[in-house]
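# Architecture at a glance
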Amino acid sequence: MAAISREEVAHLARLSRIEMTPDELDHLASEMQLILGAVARVQEVAAADIPPTSHALPMTNVFREDVTKPSLSPEDALSGAPAREEDRFKVPQILGDAE
Amino acid sequence: MALNYDQAVSKYEPTLGLEVHVELNTNSKMFCSCSTVFGAEPNTQTCPVCLGMPGALPVVNAKAIESSILIGLALNCSIAPYSRFARKNYFYPDMPKNFQTSQYDEPICVDGYLDVEIETDEGPKTFRVDIERVHMEEDTGKSLHVGGATGRIHGAEYSLLDYNRAGIPLVEIVTRIVPGTGKYAPAVARAYVTELRDILRSLGVSDVKMEQGSLRCDANVSLAPIGSGKLGTRSETKNVNSLRSVERAVAGEIVRQANRLEAGERIVQETRHFLEESGETRPGRSKETAEDYRYFPEPDLVPVAPDAKWIEELRATLPEKPSTRRKRLQEAWGVSDNEMASMVNAELLDTVEATIALGAEPARARGWWLGEISRLANEKEVHPTSLITAEQVAEVIALIANGELTDKLARGVVEGVIAGEGSPREVIDKRGLKVVSDDGALMTAIEAAIAAQPDTAERIRGGNIPAAGALIGAVMKATGGQADAAKVRELLLKHLGQG
Ligand SMILES: [Zn+2]
């Protein structure tokens, strides 16, 4: 079973933009270890005749026709936005690249 | 001393890699039914799916799959019998879901190639660009950076997001490294993107407008000392938004990297941005490694498994390859390489072809579109096809061919059509641009000219044919340039016993 280290939890926290104290990291590292252990039990029933899959259902090709439907109004789209300006979502300064 | 381009490529061997993103021209988005129309008011084309609301479920657009398969087939790829979507996780406000739905280890098309021809010192040469993969993903929202001096992200106080573009189907076409181009690397890069754009346009799957961002190119460049057999560290240049910029960006990177290597410095693997004004690149954010995106299979979308029958049906609809078509048209029209290239570069090949299909003689169709109409379009800074249609030009050319218009009058007609005065016929009527072809009217003018210059007429009667020019000129002037000079000459010489 794959182990998860304290450093990996810190790395994930950074990628997820979640600030964590050293205590929280210690706590979460061991907790995540337990969760992974529980999930890993699935592998115990995985025999050689069961192919690995990412989906529970044996389904493929679920498509929709290329037809448009009405979208939300900007009012509705922005109704949950913490801040807005000129019908756009307003977000704090981004450090990175413009696209 | 800084190396220039020629010095750089005489010491270092460049290796290219190109990633092209193309926005498909479907009516609706990749995973939801929002419209994809360009230029709509901000946030008028969004829904719970493309805004990443909790619980919203994506459904794949069948047309986008079809377009992706067509692209793969046109690029000689194998179509994967089974491919999956994956989540590419990152925190950045251009994707409100905090992940981009993409494809990772199971793209829809793999292992293709595109042959491109460029002009070398030894004549035309073909380079094969191997395609590693073609995969499907979705476009991101558009950020507007407010505050700071340049509207750029650095120094901005905050950013404003419009998610109309988020979720528009995007196809990424990734080449393998292209070795052995030597000093022609910039030309090969440009030729590849040009040929790819032409193919995508011929397939009808995208608007392929680089200036609107529906076709975007990232150019990877690395250098190694010639003959070393090694591969250098590459940089990835983004923000390359025209064919000319593709060429300039690759050349610029070759010079920059060569000078770093000369100075004993290392090349850093990084993303760089192309600066249109200077042709140089500046560093962008340092690249997150592949693991940092924590790709995993998209649980909300089932795999795509196109059956062989569907693939073969699509293969049967593939249009003629643009390069093959160009060769065919060039032969049919009997035009030189240069003339062909100028039509292609002016993006007038389709239009000239349409004009010829309407009955115009090839030389005349080409001449009008590349000459007068392009000149007027340049003045107005628009594309010639926005001024006048192939039908209208073909009509004008037909009127020249049957003698109803002279070239000079035809220019007036074209001008009138462009000025919005109506169809060629209407302009002719309104401006009174008809050729004076009535023999009686011409004879009156000829007799008047002879009466005014009896000495000249006498010389012509005596066999001095070149002297006729003066009288023809007088007739043309008298008819306001609306006479057919050849016809005037014929009537004049006949009248003076020289016909
Ligand atoms: Zn939507």
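Owing to the predicted nature of the structure, the values given are computational and were not obtained by experimental measurement.

Moving on to the overall build of chain A. When you go through chain A residue by residue, the secondary structure sums to 4 helices and 3 strands. The N-to-C order of helical and strand elements in chain A reads α-α-α-β-α-β-β. For chain A, whose C-alpha radius of gyration is 22 Å, the value lies well above the compact-globule estimate of 13 Å for 99 residues. Per-residue burial for chain A yields a buried fraction of 21% across its 99 residues. Counting only contacts in chain A whose residues sit at least 6 apart along the sequence, the fraction spanning at least 24 positions is 31%. When the accessible surface of chain A is split by element, carbon and sulfur atoms take 59% of a total near 7400 Å². Between the centroid of the 9 positive side chains of chain A and the centroid of its 18 negative side chains there is a distance of 4 Å.

For the rest of this paragraph, the subject is the sheet that holds strand β11 (residues 215-225) of chain B. All names here are of chain B. A sheet is described by the order of its strands in space; here 9 strands give the open sequence β3-β6-β7-β10-β1-β11-β12-β13-β14, paired in mixed fashion. On the outer flanks of this sheet lie β3 (78-79) and β14 (281-283), each paired with one strand and no other. The sheet contact formed by strand β6 (residues 109-120) and strand β7 (residues 123-138) spans 11 bridges and is antiparallel. Each bridged residue has a counterpart across the sheet, and for D115 the counterpart in β7 is R128. Together, β1 (12-23), β11, β12 (235-240), β13 (270-274) and β14 form the strand contacts of helix α4 (residues 243-262), whose direction differs from that of β11 by roughly 30 degrees.

Both strand β2 (residues 84-85) of chain A and strand β3 (residues 88-92) of chain A contribute to a ladder of 2 bridges, which runs antiparallel. Counted as the bridge partner of R84(A) is F89(A) from β3(A). Counting the residues between successive antiparallel strands, the hairpin from β2(A) to β3(A) contains 2 residues, one of them, E86(A), with a positive phi of roughly 50 degrees. Where β3(A) meets strand β9 (residues 158-162) of chain B, 4 bridges bridge the pair, whose relative direction is antiparallel. The partner of F89(A) across the bridge, within β9(B), is L161(B).

A word on the coordination of the zinc ion. Residues and elements named next belong to chain B. Coordination sphere of the zinc ion, protein contribution only: C32 (SG), C34 (SG), C47 (SG) and C50 (SG), at 2.3 to 2.4 Å. Counting the intervening residues between successive donors of the zinc ion yields the motif C-x1-C-x12-C-x2-C. One end of the pair, C32, is in the loop between β1 and β2 (60-61); the other, C50, is in the loop between β1 and β2, and 18 residues separate them in sequence.

Right, let's talk about the environment of K209(B) for a bit. Residue and element names in this part refer to chain B. Relative to the elements of secondary structure, K209 occurs in the loop between α3 (185-203) and β11. Residue classification places K209 among the partly exposed positions, given a relative accessible area of 34%. A C-alpha to C-alpha distance of 9.2 Å links K209 and V22, two positions 187 residues apart in sequence. When residues no more than four places from it in sequence are discounted, the contact partners of K209 are S214 and L215.

Next up on the list: the side chain of E372(B). Residue and element names in this part refer to chain B. With respect to the helices and strands, E372 occurs in helix α9 (residues 362-380). Residue classification places E372 among the buried residues on the basis of a relative accessible area of 13%. A distance of 3.0 Å separates the side chain of E372 from the side chain of R375, its partner in a polar contact. Leave out the neighbours within four places in its chain, and E372 touches G367 and R411.

Glancing now at unusual backbone geometry. Residues and elements named next belong to chain B. A positive phi is found at N43, a non-glycine position, where the angle reads about 55 degrees. Looking at where N43 falls in the secondary structure, it is placed in the loop between β1 and β2. Positive phi, close to 55 degrees, is recorded for D111, a residue that is not glycine. Take D111: it is sitting in strand β6.

Once that is clear, we can look at the sheet that holds β3(A). Spatially, the 4 strands line up as an open sheet ordered β2(A)-β3(A)-β9(B)-β8(B), and their pairing is antiparallel. Edge positions in the sheet fall to β2 of chain A together with β8 (142-146) of chain B, since each of these pairs with one other strand and no more.

Side chains of L57(A), M59(A) and V62(A) sit close together on the surface and give an oily, nonpolar patch of about 260 Å² of accessible area. Under the relative-accessibility criterion, V62(A) is labelled partly exposed at 36%.

Okay, helix α8 (residues 349-357) of chain B next. Two residues of an α-helix separated by three or four positions point the same way, owing to the 3.6 residues in each turn. Residues and elements named next belong to chain B. Within α8, burial applies to L349, T351, V352, T355 and I356. Summarising the axial view, the buried residues of α8 lie within an arc of 165 degrees, below the 170-degree limit, and thus occupy one face. Close packing links the buried residues of α8 with α6 (322-333), α7 (337-345), α9 and α10 (390-401).

Residues and elements named next belong to chain B. Grouped together as the largest cluster of nonpolar side chains are 73 residues, with contacts concentrated most on I71, L75, V134, I173, Y192 and V193. Of all the elements, α3 adds the most residues to this core, at 10 residues. Apart from residues lying up to four places away in sequence, I71 is in contact with V22, L24, V134, V171, I173, L200, L203 and V205. Grouped together as the second largest cluster of nonpolar side chains are 35 residues, V335, V344, L349 and L409 included.

Here we come to the layout of surface pockets. All names here are of chain B. Roughly 1100 Å³ of internal volume is contained in the second largest pocket. Along its surface, the second largest pocket is lined by 28 residues, and E117, I118, R326, A341 and V344 are the ones closest to its centre. Secondary-structure elements contributing two or more residues to the lining of the second largest pocket are β6, β7, α3, α4, α6 and α7. The biggest single contributor to the lining of the second largest pocket is α3, with 7 residues. The two domains that each donate at least three residues to the lining of the second largest pocket are domain 1 (5-313) and domain 2 (322-431).

All names here are of chain B. Within the secondary structure, P322 sits in helix α6. Residues P322 and S202, spaced 120 residues apart in sequence, show a C-alpha to C-alpha distance of 7.1 Å. If we skip the residues at most four places from it in the chain, P322 touches E195, D198, I199 and S202.

Residue and element names in this part refer to chain B. Enumeration according to the criterion identifies 7 aromatic pairs over all chains in this entry. An aromatic cluster is built from Y90, Y92, Y104, Y293 and Y295, whose rings are joined through pairwise contacts. The lysine or arginine in question, K88, covers the ring of Y293, its NZ or CZ lying 4.5 Å from the ring centre.

Now for the domain arrangement of chain B. On domain assignment, one finds that chain B holds domain 1 (5-313), domain 2 (322-431) and domain 3 (439-495). Relative placement of domain 2 of chain B and domain 3 of chain B: their C-alpha centres are 32 Å apart.

Here is what the cut-offs are and how they apply
- Residues numbered from 1 in each chain as written.
- Chains lettered and ligands numbered in written order.
- Predicted model: local features only at pLDDT ≥ 70, side-chain atom pairs only at ≥ 80, totals over all residues.
- Heavy atoms only, no water.
- Helix = DSSP H or I, 4+ residues; strand = E, 2+ residues; numbered from the N terminus.
- Rg over C-alpha atoms; globule rule 2.2 N^0.38 Å.
- Buried < 20%, exposed > 50% of the residue type's maximum accessible area, 1.4 Å probe, protein only.
- Contact = heavy atoms within 4.5 Å.
- Areas by Shrake-Rupley, 256 points an atom, 1.4 Å probe, with all protein chains shown as cover.
- Lys, Arg positive; Asp, Glu negative; His and termini not counted.
- Charge placed at Lys NZ, Arg CZ, Asp CG, Glu CD.
- Pairing = 2+ DSSP bridges.
- Axes fitted to C-alpha atoms, helices over the stretch in contact; angles between N-to-C directions.
- Donors = N, O, S within 2.8 Å, 3.2 Å for Na, K, Ca; no water.
- Polar contact = N/O pair within 3.5 Å; in protein donor to acceptor, adjacent residues only side chain to side chain.
- Patch = residues over 30% accessible without salt bridge, like charges linked within 9 Å, V, L, I, M, F, W, Y side chains within 5 Å.
- Salt bridge = Lys/Arg side-chain N within 4 Å of Asp/Glu carboxyl O.
- Arc of directions from axis to C-beta.
- Core = buried A, V, L, I, M, F, W, Y, C linked by side-chain atoms within 4.5 Å.
- 1 Å grid on protein atoms, 1.4 Å probe; cavity = no way out; pocket = protein on both sides within 12 Å on 5 of 7 lines; lining within 4 Å.
- Points joined across faces, edges and corners; volume = space filled by probe spheres on them.
- Domains from an automatic or database assignment.
- Phe/Tyr/Trp six-rings, centres within 6.5 Å; stacked < 30°, edge-to-face > 60°.
- Lys NZ or Arg CZ within 6 Å of the ring centre and 35° of its normal.

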